[in-house]
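Structure assessment
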Amino acid sequence: MQQHPRVIVLGAGIVGAAIAYHLARQGAQVTVLEQATPGSGVTRHSFAWINPHGEYPSPVKPLREQALTEYRRLEQELPGLRINWSGALCYYQANAIQPTAMPCGSTRQWLDRQRIAQLEPNLQAVPERAQFAPGEGSLDPVATTLCLLEGARAHGAQVLTQVSVLELQVEGQQGIGVATAAGVYQADHLVLATGCGTPALLESLGIELPMHASPSILLRLDAPRGLVKTLISNDQLEVREAPDGSLLAAEDHLDDATPEAIAQQALASIRQALRGAEAVTLRSAEVGQRPMPDDQVPIIGPLAQYPGLYLAVMHAGVTLAPIVGRLVSQELSGHRCAELEPCRPSRFGL
């Protein structure tokens, strides 16, 4: 067991930042290498809903269920962390086919029409009932990433940006390093928290990672402050208020439609759904590439051929970052975590 391992974290998105923070906090010698700026990849395009529920493969559910508790813990540890615990209101429109049972955890409750109208007074068509999760919330993913990295620095971590990785360097089964334009960095462990860039990094080692890029669209909308009180999710839209009072909306990217067309359709839905939304205008429509393992289960753990090389690739990075960061830091200090067993790369023969 290594009490103070040397660890390189490659990638300073929210997952890499959370891993670096937890490692540094428990005494590891941490170096974070980022090719651009912190949170500039898929993190920046995240809708950033802290959402432990939903239709996800069963191996992921135990990790997601800890998300709210882990974020509450981080709030105590990092005074600069800002989370909007607005709650999430989830429902289907009256003309949609409703499921016989919506996912319902202990933190969600059914509300009637009167209570829904109290929560969201600007809804044009108030549903007969909806599920409300008062404990759920959202955050600014880039600001949260920077907060985690600042916390890592406070515990001695080194964070280097604008560092271009040339190749991974593996010596036998023990030594591992990263060759960059600025020189070679070596450590006991190398964590790849590089999202959709991970397959290209592993290709030089002859490793094919079973994952793909899943596009999504994040819309930023100028709107009157207070138009949306909670986080609204239904079959027509997914929308919340950003810290500056604007609105954020998330849409799946459709292959047969342009981002601009999808944005205009979403804008029309918001104007129709919300009273006072006539003045809402589109600020931007950004396409993000989510790292999606082929079986939709995170890929977390060391590679059998290269034990010093540790993968941390997943979708829903915002929700999973705190729990994954804590568990990965424990593993790299010598404690194998049962919670991560379903996520091992070994399930793919890696």
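Definitions and limits used
Residues numbered from 1 in each chain as written. Predicted model: local features only at pLDDT ≥ 70, side-chain atom pairs only at ≥ 80, totals over all residues. Heavy atoms only, no water. Helix = DSSP H or I, 4+ residues; strand = E, 2+ residues; numbered from the N terminus. Buried < 20%, exposed > 50% of the residue type's maximum accessible area, 1.4 Å probe, protein only. Contact = heavy atoms within 4.5 Å. Core = buried A, V, L, I, M, F, W, Y, C linked by side-chain atoms within 4.5 Å. Axes fitted to C-alpha atoms, helices over the stretch in contact; angles between N-to-C directions. Parallel < 35°, antiparallel > 145°, perpendicular 65-115°, else oblique. Left-handed = near helix turned anticlockwise from the far one by under 90°. Phe/Tyr/Trp six-rings, centres within 6.5 Å; stacked < 30°, edge-to-face > 60°. Lys NZ or Arg CZ within 6 Å of the ring centre and 35° of its normal. Salt bridge = Lys/Arg side-chain N within 4 Å of Asp/Glu carboxyl O. UniProt positions renumbered as here; feature names shortened; annotations may be inferred. Expected span 1.5 Å × (residues − 1). Polar contact = N/O pair within 3.5 Å; in protein donor to acceptor, adjacent residues only side chain to side chain.

In the annotation of an unreviewed UniProt entry, the entry for the protein reads FAD-binding oxidoreductase, and the organism field reads Pseudomonas piscis.

Now for the side chain of Ser86. Its place among the elements puts Ser86 in the loop between strand E4 (83-84) and strand E5 (88-90). Residue class for Ser86 comes out buried when judged on its relative accessible area of 17%. Beyond its immediate chain neighbours, meaning those up to four positions away, Ser86 contacts Phe132, Glu136, Gly137, Lys229, Thr230 and Leu231.

One finds Val9, Val30 and Tyr71 to be the most contacted residues of the largest nonpolar core, which totals 52 residues. Listed by contribution, the elements that provide at least two residues to this core are strand E1 (6-10), helix H1 (14-25), strand E2 (29-33), helix H3 (67-77), helix H5 (141-154), strand E20 (309-313) and helix H8 (317-331). A per-element tally of this core places H1 first, with 9 residues. Dropping the residues within four chain positions of it, Val30 is found in contact with Val7, Val9, Ala20, Leu23, Ala24, Ala157 and Gln158.

Let us look at the packing of H1 against H3. At their nearest, the axes of H1 and H3 sit 14 Å apart, and the two run at 60° to each other. Here H1 lies oblique to H3, going by the angle between them. With respect to the hand of their crossing, H1 and H3 are arranged in left-handed fashion. Contacts between H1 and H3 pair Ile14, Tyr21, His22 and Arg25 from the former with Tyr71, Arg73, Leu74 and Glu77 from the latter.

Next up on the list: the packing of aromatic side chains. All chains considered together, the criterion is met by 0 aromatic pairs. Here the guanidinium or amino end of Arg129 rests over the ring plane of Trp110, the centre of that ring lying 4.0 Å away. It is Arg240 that lies over the ring of Phe47; its NZ or CZ is 5.5 Å from the centre.

Counted under the stated rule, the structure contains 18 salt bridges. Across the pair Glu70 and Arg326 runs a salt bridge, and its minimum N-O distance is 3.0 Å. Of the two residues, Glu70 sits in helix H3 while Arg326 sits in helix H8, which places them 256 residues apart along the sequence. Connected through shared salt-bridge partners, Arg25, Glu70, Arg73, Glu77 and Arg326 make up one network.

Keep in mind that most residues, glycine aside, have a negative phi and that most peptide bonds are trans. One non-glycine residue, Gln162, lies in positive phi territory at about 55°. Unlike most non-glycine residues, Gln296 shows phi in positive territory, near 65°. Tracing the chain through its elements places Gln296 in the loop between strand E18 (281-293) and strand E19 (299-302).

Under the UniProt annotation, "transmembrane region" (unreviewed entry) lies at residues 7-24. As a span, residues 7-24 carries 61% helix and 22% strand, and end to end its C-alpha atoms are 9 Å apart.

Right, let's talk about H5 for a bit. With 14 residues, H5 extends 20 Å between its outermost C-alpha atoms, agreeing within 8% with the 20 Å of an ideal straight helix rising 1.5 Å per residue. Within H5 the residues assigned to the buried category are Pro141, Thr144, Thr145, Cys147, Leu148, Leu149, Gly151 and Ala152. Turning to H5, the residues buried within the fold contact H1, E2, H3, strand E8 (137-139), strand E9 (158-160) and H8. Measuring from the backbone nitrogen of Val142 back to the side-chain oxygen at the start of H5 gives 3.1 Å, which picks out Asp140 as the cap.

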